[in-house]
Amino acid sequence: MRFVPPRIAPPAQPLAGLAFVAQFVRNPIAVVPQAAYEGDLATYERGRRAIVWITAPALIKQVLLDEREKFLKLAQIRLLGPLLGKGILTSEGAHWKWQRQASAPMFRPQELSGFVPTFVRAAEGVVERWRAQPGAVQAIERSTGLFQRSGAWGQLYAIANLPRWLPQPGRRSMASAVRALRAAVGALIAERRAHPGTKDDLLHRLMQARDPESGQSMNDEQLVDNLLTFYLAGHETTAKALTWTLYLLACSPGWTHALEEEIARVTGGAEVNAGHIEQLMLTQQVLKESMRLYPPVPLMTRQAVADTQLGASKVRAGTSVVMPIYAIHRHAKRWADADAFDPARFAPEKEAAIPRYQYMPFGAGPRICIGMGFAMMEATAMLATLLRRARFAPVAGREPAPVARVTLIPGGGMPLAVRLRS
Ligand code: HEM
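Residues numbered from 1 in each chain as written. Predicted model: local features only at pLDDT ≥ 70, side-chain atom pairs only at ≥ 80, totals over all residues. Heavy atoms only, no water.

## A word on the site of the ligand
Alright, step 1. Taken together, 27 residues sit near the ligand, with Trp96, Arg100, Arg302, Arg367 and Cys369 positioned nearest.
Alright, step 2. Contact distances for the ligand include 2.8 Å between an oxygen atom and a side-chain N or O atom of Arg100.
Alright, step 3. Contacts to the ligand include Ala233, whose backbone N or O atom sits 3.5 Å from a nitrogen atom.
Alright, step 4. Put simply, the parts of the chain that give the shell around the ligand at least two residues each are α5 (93-103), α11 (220-250), β5 (300-304) and α16 (372-389).
Alright, step 5. The biggest single contributor to the shell around the ligand is α11, with 6 residues.
Alright, step 6. Looking at the shell around the ligand residue by residue, the class counts come to 16 nonpolar, 7 polar and 4 charged. (Near = heavy atom within 4 Å. Polar contact = N/O pair within 3.5 Å; in protein donor to acceptor, adjacent residues only side chain to side chain. Helix = DSSP H or I, 4+ residues; strand = E, 2+ residues; numbered from the N terminus. Nonpolar A, V, L, I, M, F, W, Y, C, P; charged D, E, K, R; others polar.)

## A word on the environment of Ser214
Alright, step 1. Note that Ser214 resides in the loop between α10 (202-208) and α11.
Alright, step 2. According to the relative accessible area criterion, Ser214 is partly exposed, its value standing at 49%.
Alright, step 3. Along the primary structure Ser214 and Trp98 are separated by 116 residues, whereas in three dimensions their C-alpha atoms are 8.7 Å apart.
Alright, step 4. Polar side-chain contacts of Ser214 include one of 3.1 Å to the side chain of Asp211.
Alright, step 5. Reaching out from Ser214, the side chain makes a polar contact with the backbone nitrogen of Gln216 at a distance of 3.2 Å. (Buried < 20%, exposed > 50% of the residue type's maximum accessible area, 1.4 Å probe, protein only.)

## Section: the nonpolar core
Alright, step 1. Trp53, Ile189, Leu383 and Phe392 are the most contacted members of the largest nonpolar core, which totals 96 residues.
Alright, step 2. In terms of residue count, α11 provides more of this core than any other element does, 14 residues in total.
Alright, step 3. Setting aside its immediate chain neighbours within four residues, Trp53 contacts Phe20, Val31, Val32, Pro33, Ala36, Asp40, Leu41, Ala42, Thr43, Tyr44, Val322 and Pro324. (Core = buried A, V, L, I, M, F, W, Y, C linked by side-chain atoms within 4.5 Å. Contact = heavy atoms within 4.5 Å.)

## Examining the pairing of strand β1 (residues 41-46)
Alright, step 1. Pairing of β1 with strand β2 (residues 49-54), which is carried by 6 bridges, proceeds in the antiparallel orientation. Paired with Leu41 across the two strands is Ile54, which belongs to β2.
Alright, step 2. Counted between consecutive antiparallel strands, the loop separating β1 from β2 contains 2 residues, among which Gly47 sits at a positive phi close to 60 degrees. (Pairing = 2+ DSSP bridges.)

## A few points about the coordination of the iron atom of the ligand
Alright, step 1. A lone protein donor binds the iron atom of the ligand: Cys369 (SG), at 2.3 Å.
Alright, step 2. Within the fold, Cys369 resides in the loop between α15 (348-351) and α16. (Donors = N, O, S within 2.8 Å, 3.2 Å for Na, K, Ca; no water.)

## What about helix α13 (residues 281-293)?
Alright, step 1. Its 13 residues give α13 an end-to-end C-alpha distance of 19 Å, which sits within 8% of 18 Å, the value for a rise of 1.5 Å per residue.
Alright, step 2. A large share of α13 lies buried, amounting to 11 of its 13 residues.
Alright, step 3. For α13, the full list of buried residues reads Thr283, Gln284, Gln285, Val286, Leu287, Lys288, Glu289, Ser290, Met291, Arg292 and Leu293. (Expected span 1.5 Å × (residues − 1).)

## Side note on the packing of α11 against α13
Alright, step 1. For the pair α11 and α13, interaxial distance at closest approach is 9 Å and the crossing angle is 105 degrees. One finds that α11 runs roughly perpendicular with respect to α13. Only Val286, Leu287, Ser290 and Met291 of α13 make contact with α11, whose side of the interface consists of Ala241, Trp244, Thr245, Leu248 and Leu249.
Alright, step 2. In terms of residue class, the contact of α11 with α13 is built from 7 nonpolar, 2 polar and no charged. (Axes fitted to C-alpha atoms, helices over the stretch in contact; angles between N-to-C directions. Parallel < 35°, antiparallel > 145°, perpendicular 65-115°, else oblique.)

## Points about the side chain of Gln222
Alright, step 1. Within the secondary structure, Gln222 is located in helix α11.
Alright, step 2. Among the residues examined, Gln222 registers a relative accessible area of 11% and is labelled buried.
Alright, step 3. Those residues in contact with Gln222 that sit more than four places away from it in its chain are His95, Trp98 and Ser217.

## Looking at the sheet that holds strand β3 (residues 71-72)
Alright, step 1. Read across the open sheet, the 5 strands follow the order β1-β2-β8-β5-β3; overall the sheet is mixed. Each edge of the open sheet is held by one strand with a lone partner, namely β1 and β3.
Alright, step 2. Running at roughly 120 degrees to β5, helix α4 (residues 74-84) makes contact with β3 and β5 of the sheet.

## Digging into unusual backbone geometry
Alright, step 1. Even without glycine at this site, Asp337 takes up a positive phi of about 45 degrees.
Alright, step 2. Counting through the fold element by element, Asp337 comes out in the loop between α14 (325-328) and α15.
Alright, step 3. Of the residues examined, Asp337 reaches a relative accessible area of 39% and is grouped as partly exposed.

See below:
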């Protein structure tokens, strides 16, 4: 049965002036005009400030790969730099490269499989919390505090490149939250330096990481930067992928049944383990389709640092180039029945035919998500564990609306009814 879950209705005409600002602060993905869902790009210009949204695979490849030295992460660095310092996500050039190379081995599949029991335990913990507070309706995922409304202002200021002295709503409360968070992680590192022990966790591995070329390791500040980066980049994103997936499954009894059968067949009724992950094919197909419709990172942004050309359009230095993953994944000309939920799109032979820069929940090019394998393994293990333990149903009269913050959140939380299995 065809199922079209909640979507954003894009403006038929590009918004301008205050209407643009008001809508951007409410939901930055809702300003992306219809033209971006049907053509190659759409632009917004006001004085010297310009934003271009690109959705054509060829243009995305140009920005993320072929001419990447002309398109830098200036807005992301401005927005997240106060929290994440010069970690992997928020640096450029040589400083980015050595940290990426030093961390890459930690994220190889053979290194990750040891984490599967941790993922399963985390999912079991969620089920236990549900069991401890019975009641029909549970708001599975409440929206998180830090990057809410003030985060949207920050995004607007960074993407529109507004001057830093301009007063910005929420900047001060954000700054003190950032200080507290960095101090807490700093204390963790100091504690570990004082008592090294043998615990093999992410911090231990980061402390051991060396640049393969120079042998350099990370100092305390770089450790804080990257621990917070992995936490911020890895936690919210995977949590949102699972949240939207549970909703889609709650509305699709046929797919839920197919997954339950697959999980029972692959695990034989036992706990999910590392060997099961790649056999859980349908489970992964559902996750991929869920991240197509609700990409946890809904927008990626770069700033042009030189005058250049994107397709037929001239792009001045300083222009923000936004890759709205949400719109790329729902492009009317590139996807059949783009807004409908259909995990069969990711059956192996069909998935192979999807152009590289048309489906990109983890980004693309050299800065593709370093945690992609980690996230897929975590989400698969957790989803399979949750489905072994519980059934989910939508709540009548309450539909979650996708809202872009740093991640794509269900505005107002995710209403789902949970029925635990005995
Ligand atoms: C479903 C889960 C996830 C999604 C959808 C996701 C998405 C993304 C995207 C789109 C980017 C590219 C950003 C850009 O180029 O502007 C990215 C980068 C990154 N992600 Fe993820 N991510 C996920 C999970 C994780 C996890 C689990 C980790 C770490 C444990 C992680 C760590 C990072 C880091 C460090 C970068 C920066 C890489 C670089 O610049 O070289 N992510 N992610």
